[in-house]
Amino acid sequence: PATFFRRQAFMRAGGFRESGSLCWDMELWADLALAGSTFRSVQAFIAAFRLHETSITGSRGLQQRRRQDARHVLERMKGGPASSFDRFLHLVHRLLKFSRHPGLTVRQRLFFYSTLGRWSL
């Protein structure tokens, strides 16, 4: 809900793919990266969204399809399926990310879970 990019980068990436994927944002970021865009992050809460059973993110029924679509995007970027070593590196990355900023990670998760009760249906 809080991604900003230049129109020129969006056009260079070919815009949104209308493929029916549940990972349209991930596909857009992949297309932006493949088109040579660079990325920066902001360490601030600047947006929120509501999770509920009929939202793509909140729907348990769509969870497997979301994972499948995400795997497809990653395979397209990599040029093939993920290996055991790729999955290991993913785990190491997540552990390192948490170990560098455990307070931030915990605060983000607590904020996220606290909003579920207030904003979810």
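Participant: Please set out the side chain of D31 residue by residue, giving values where relevant.
Facilitator: Secondary-structure assignment places D31 in helix 2 (residues 24–34). Relative accessible area serves as the criterion here: at 7%, D31 is assigned to the buried category. Engagement of the side chain of D31 in a polar contact is seen with the side chain of R76, the distance being 3.1 Å. The residues contacting D31, other than those within four sequence positions of it, are A13, G15, R17 and R76.

Participant: Lay out the side chain of R66 in plain terms, naming residues and giving numbers.
Facilitator: Among the structural elements, R66 can be located in helix 3 (residues 63–78). Comment: no salt bridge for buried R66; closest opposite-charge side chain is D69, at 8.5 Å. In this structure R66 touches L22, C23, I56, T57 and S59, once residues within four positions along its chain are discounted.

Participant: Can you lay out the packing of aromatic side chains for me, pointing to particular residues and giving the numbers?
Facilitator: Under the defined criterion, the tally for this structure stands at 4 aromatic pairs. With a centroid separation of 5.3 Å and an interplanar angle of 70 degrees, the aromatic rings of F10 and F16 are classed as edge-to-face. Given the relative accessible area of 42%, F16 is considered partly exposed.

Participant: A description of the pattern of salt bridges should follow, citing residues and the corresponding values.
Facilitator: A full pass over the atoms with the stated rule returns 4 salt bridges. In this structure, D31 engages R76 in a salt bridge whose closest nitrogen and oxygen atoms are separated by 3.1 Å. Of this pair, D31 sits in helix 2 while R76 is found in helix 3, placing the two residues 45 residues apart along the sequence. For R65, the salt bridge identified is with D69, shortest N-O distance 3.9 Å. A residue pair is termed a helical-turn pair when its members lie 3 or 4 positions apart in one helix, as R65 and D69 do in helix 3 at 4 residues. On the accessibility criterion, R65 (36% relative accessible area) is partly exposed. Through salt bridges that share partners, R17, D31 and R76 make up one connected network.

Participant: Provide a residue-level description of the nonpolar core, including the pertinent values.
Facilitator: Residues A9, F10, A13, L28 and L32 constitute the largest nonpolar core, which totals 5 residues. Of all the secondary-structure elements, those providing two or more residues to this core are helix 1 (7–12) and helix 2. Contacts of F10, omitting those with residues within four sequence positions, involve F5, G15, F16, L28 and L32.

Thresholds applied
- Residues numbered from 1 in each chain as written.
- Predicted model: local features only at pLDDT ≥ 70, side-chain atom pairs only at ≥ 80, totals over all residues.
- Heavy atoms only, no water.
- Helix = DSSP H or I, 4+ residues; strand = E, 2+ residues; numbered from the N terminus.
- Buried < 20%, exposed > 50% of the residue type's maximum accessible area, 1.4 Å probe, protein only.
- Polar contact = N/O pair within 3.5 Å; in protein donor to acceptor, adjacent residues only side chain to side chain.
- Contact = heavy atoms within 4.5 Å.
- Lys, Arg positive; Asp, Glu negative; His and termini not counted.
- Salt bridge = Lys/Arg side-chain N within 4 Å of Asp/Glu carboxyl O.
- Phe/Tyr/Trp six-rings, centres within 6.5 Å; stacked < 30°, edge-to-face > 60°.
- Core = buried A, V, L, I, M, F, W, Y, C linked by side-chain atoms within 4.5 Å.

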